Amino acid sequence: MAAEGWAEGGTACADPGEDADLPPGRSGGVFEQVSAVADAVLYEGYLLYPYRRSSAKNRVRWQFGVLFPRDWVESDGPVVAGISGSADSWYQQTECLLRLRQPGAVVRVRLRCLQMQRKQVEEADRDGGHRPVESLRTDDGTTHLTFDEAVPREFDAVIPLDELLQREHTVAVAAPAGEDVEPLPGHPGRVVRRREEVRASLTVAAERLAPYLCRLRVRTTNTGPAPDPRTPRDEALRRALIATHTLIGGDGVEFVSPTDPPADLSAHASACRNEFTFPVLGGEPDAVGRVLLSAPIILPDHPQVAPESPGDLHDAAEIDEILTLRTMLLTDEEKQEARATDPRAAAILDRVDTMPQEVFERLHGAVRSLTPSATPTTQATQATQATQATQATQATPATLATPPSERPAWWQEGADDGLSPSTDTVLVDGAALGAGSRVRLRPRGRGADAQDMFLAGRTAEVAAVFHDVDGSVHLAVTVDDDPAAELHTWYGRFLYFRPDELEPLEPAPSKTPRSGGR
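Below you will find a few notes about this structure. The model shown is predicted, which means the values in this text are computed figures rather than measured ones.

Examining the overall build of the protein
Move 1: Tallying secondary structure elements over the protein gives eleven helices and 23 strands in all.
Move 2: In the protein, which comprises 518 residues, the share counted as buried stands at 43%.

Following this line, the structure appears as C-alpha cells:
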C-alpha cells in the first residue's frame, strides 16, 4: 500500500509517482472531476451571510461531518448512527459496491476534512509582552478580530484490491499541532493562530460478493485523546475532524450507484451500511462510475456546481443571486467587520464588489435544455400520445376542457387555462385522487428523491394536483403524523409525489377539518 500524509491548502496529496507505472488510460487524477463539489462540501456552512462574527448564525458553527474523540462525544451515551453527518460522531463509515473491470485493480481513497484553527488577536503591552483581546485596530484603519478559522487537510491511500480482499488495511494519520505568529503593521500587537493535533485512522476492507462484484468498506475514526467530558463543544472542536468526507476511486473498477442500483444488485446495495455519511456517484451524469463522493450531506448522484456560479458562498442551499444581492447591500461598516472576521469572507466581498455585469446576469437563471421543435408528423403523433396518456392517468372532468396537446406552450398566455389544482383529479388504480383524498406513500425504488424514501409506507392527505410544464403531474400531500401538517397547509408548503408513487386508501373517518378549508 502506498500512502501520503496530511497536506494543507486543498492541493492534491498524491502518492509520489502515482501515475508513473500505470498503463495508458489509467490515471490517479480521477478525483479532479469532483473537486468543485467536494470543496463545496468541505466549506458548507463554514461562514454564513452576512459573514460577520457578530451574526448569531456564525456563533454556532461546524454542523456537518464532525468527528470528535469517542470518549467525549459518548460521555452522555452512545451515538446513534444515521445516514448523513448532521449529528456529531466519532466515526464515519461508507460501504459501496464496485465491479471489477480488469485484473490488477487498485482502490484509491482520499480523506478530506478541516482542522480547526484559533485566530487570537493579541495587543502589545508596555513591558514587551502580549495580552489576548477580541479586536484590535491598526494605524491604517484595519480591524483585526479574534475568530475560529480552519485549515483544509487531505490524506490519500492507494491499495491493490487483491490485498483488500485478503485483509483490511488500517492507516494512522495525523494533522500536527502548530502555531503561526503574524506581527501587525506598526507593532500594536500580533495575530496568533494555534492548532491542536488531530489524530485519525482510515480502515479500508473489501468483500467479494460474486466473481466480478465486491463490497468496499471505508471507515474513518477519530483516535485522538478525548478532552474532559465537561469541555464545551467549541473547545472540543479543536481535536475534531470537521466536514469529514471521502472520495473513493480506483483503476480497473467501476462503482455502482448506492441510491439507484441496477435491479439485479438492489439487494446487495440495500445491505450496504452507511453511517454518518451518504455516498453518491461523482463526475458527469453520462460517465461510468469511476468515482464515489461520500459526504455528510445528502446529495444526488453526479452532483454538480452550476457553471454560472462564480465562487463559493458557503451556503449551497441558498440561491447565488440572492446571496450576491444581499452581500452587495451590506453597509460599509458591515463589510468592514466581515473582512476582519475571516479571509474567506473578505474574498467573497472582493468577488461580489468587482463582479462584472455579465457574470451577475448569468446568476438570474439558465435553461439547461428545451424539447426540440416537432415536425407536423411528430406533432400529430405527440398529440395522440398525450391524449392517450391523459385518458389513462386522469379522470378528465370539465376542468380540463382543452386537451394538453392543444394548449399553448407553458411560457405563453393561456397555458394554465382550465387547470385547477384544488379541484383537478388524477386516476390512480381506478380511484380519482384529488384534494382531500387519502393515500399511502410509495416512493419509486429507482430515481426517487433520497428524502422521499424516509416517508415510504406513511399515510398522507392530498392537498392539490399540479400539472408541470413538461406535461407530468404531481400531487401535493401532507403527512398524517406530521405535527406541523396544519401549519404547512396554511402557508402552502407540501411534499410532492408522482401518481405512480401513491396508493389510494379508503376515506378516513370524519374529523375536524384543517385550516385552509380542507
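Focus: the pattern of salt bridges
Move 1: This structure, assessed with the given rule, holds 34 salt bridges.
Move 2: Across the salt bridge formed by Asp-251 and Arg-108, the nearest N and O atoms sit 3.0 Å from each other. On the criterion of sequence distance, the pair formed by Asp-251 in strand S13 (residues 242-251) and Arg-108 in strand S3 (residues 106-124) is long-range, its members being 143 residues apart. Each member of the pair, Asp-251 as well as Arg-108, carries the same accessibility label: buried.
Move 3: A salt bridge links Glu-122 to Arg-194; its shortest N-O distance comes to 3.3 Å. Remark: Arg-194 occurs in strand S10 (residues 189-195) and Glu-122 occurs in strand S3; sequence separation between them is 72 residues.
Move 4: Residue classification places Glu-122 among the buried positions, given a relative accessible area of 6%.
Move 5: Given a relative accessible area of 35%, Arg-194 falls into the partly exposed group.
Move 6: When salt bridges that share partners are traced, they join Lys-119, Glu-149, Glu-182 and Arg-193 into one network.

Topic: the state of the cysteines
Move 1: For the coordinates displayed, the defined rule picks out zero disulfides.
Move 2: Considering cysteine sulfurs only, Cys-272 is the nearest to Cys-96, which forms no disulfide, with 6.8 Å between them.

Remarks on the packing of aromatic side chains
Move 1: Under the counting rule described, the total for this entry stands at seven aromatic pairs.
Move 2: Arranged with centres 6.2 Å apart and planes meeting at 90°, the rings of Tyr-49 and Tyr-51 form a pair that is edge-to-face. You'll find Tyr-49 and Tyr-51 in the same group, each marked buried.
Move 3: Note on Tyr-91 and Phe-276: the rings are 5.3 Å apart at their centroids and 90° apart in plane angle, and the pair reads as edge-to-face. Here Tyr-91, found in strand S2 (residues 91-100), pairs with Phe-276, found in the loop between helix H5 (266-270) and strand S15 (278-281); they are 185 residues apart in sequence, far enough to count as distant. Neither Tyr-91 nor Phe-276 differs from the other in exposure class; each is buried.

A word on the pairing of strand S21 (residues 473-479)
Move 1: Counted residue by residue, S21 has six buried out of seven residues, so it is predominantly covered.
Move 2: Pairing of strand S20 (residues 459-467) with S21, which is carried by seven bridges, proceeds in the antiparallel orientation. Paired with Ala-464 across the two strands is Ala-476, which belongs to S21.
Move 3: Between S20 and S21, which pair antiparallel and follow one another directly, the connecting turn spans five residues, one of which, Gly-471, has a positive phi of 95°.
Move 4: Bridge analysis of S21 against strand S22 (residues 495-497) gives three bridges, and the strand direction is antiparallel. If you follow Ala-476 over to S22, its bridge partner there is Tyr-496.

Focus on the sheet that holds strand S12 (residues 213-222)
Move 1: Ordered by their spatial adjacency, five strands build an open sheet running S8-S11-S12-S2-S14, and the pairing between neighbours is antiparallel. Each of the sheet's edge strands pairs with one partner strand only, and the pair in question is strand S8 (169-175) and strand S14 (253-255). Taking the axes of each pair of neighbouring strands and ignoring which way they run, one obtains an average angle of 30° across the sheet.
Move 2: When S8 meets strand S11 (residues 198-210), the two strands line up antiparallel, connected through seven bridges. Across the sheet, residue Val-171 finds its bridge partner in S11, namely Leu-202.

Re the environment of Pro-227
Move 1: Here Pro-227 lies in the loop between S12 and helix H4 (233-236).
Move 2: Take Pro-227: its relative accessible area is 12%, and that puts it in the buried class.
Move 3: Separated by 155 residues in sequence, Pro-227 and Trp-72 have C-alpha atoms that sit 6.3 Å apart.
Move 4: Ignoring sequence-local partners within four residues, the contact set of Pro-227 consists of Pro-69, Trp-72, Ala-236 and Arg-239.

Some thoughts on the packing of helix H7 (residues 332-341) against helix H8 (residues 343-353)
Move 1: With their axes 6 Å apart at the nearest point, H7 and H8 run at an angle of 135° to one another. In this view, H7 runs oblique relative to H8, as classed from their interaxial angle. Between H7, through Lys-335, Ala-338 and Arg-339, and H8, the contact on the second element is made entirely by Ala-345, Ala-346, Leu-349, Asp-350 and Asp-353.

A closer look at the pairing of strand S9 (residues 178-183)
Move 1: Of the pairings in the sheet, the one linking S9 to S10 comprises six bridges and is antiparallel in character. If you follow Glu-182 over to S10, its bridge partner there is Val-191.
Move 2: The turn joining S9 and S10, which pair antiparallel and follow one another in sequence, is formed by five residues; a positive phi near 85° is taken by Gly-186.

So, how was this worked out
- Residues numbered from 1 in each chain as written.
- Predicted model: local features only at pLDDT ≥ 70, side-chain atom pairs only at ≥ 80, totals over all residues.
- Heavy atoms only, no water.
- Helix = DSSP H or I, 4+ residues; strand = E, 2+ residues; numbered from the N terminus.
- Buried < 20%, exposed > 50% of the residue type's maximum accessible area, 1.4 Å probe, protein only.
- Salt bridge = Lys/Arg side-chain N within 4 Å of Asp/Glu carboxyl O.
- Disulfide = S-S within 2.5 Å.
- Phe/Tyr/Trp six-rings, centres within 6.5 Å; stacked < 30°, edge-to-face > 60°.
- Pairing = 2+ DSSP bridges.
- Axes fitted to C-alpha atoms, helices over the stretch in contact; angles between N-to-C directions.
- Contact = heavy atoms within 4.5 Å.
- Parallel < 35°, antiparallel > 145°, perpendicular 65-115°, else oblique.

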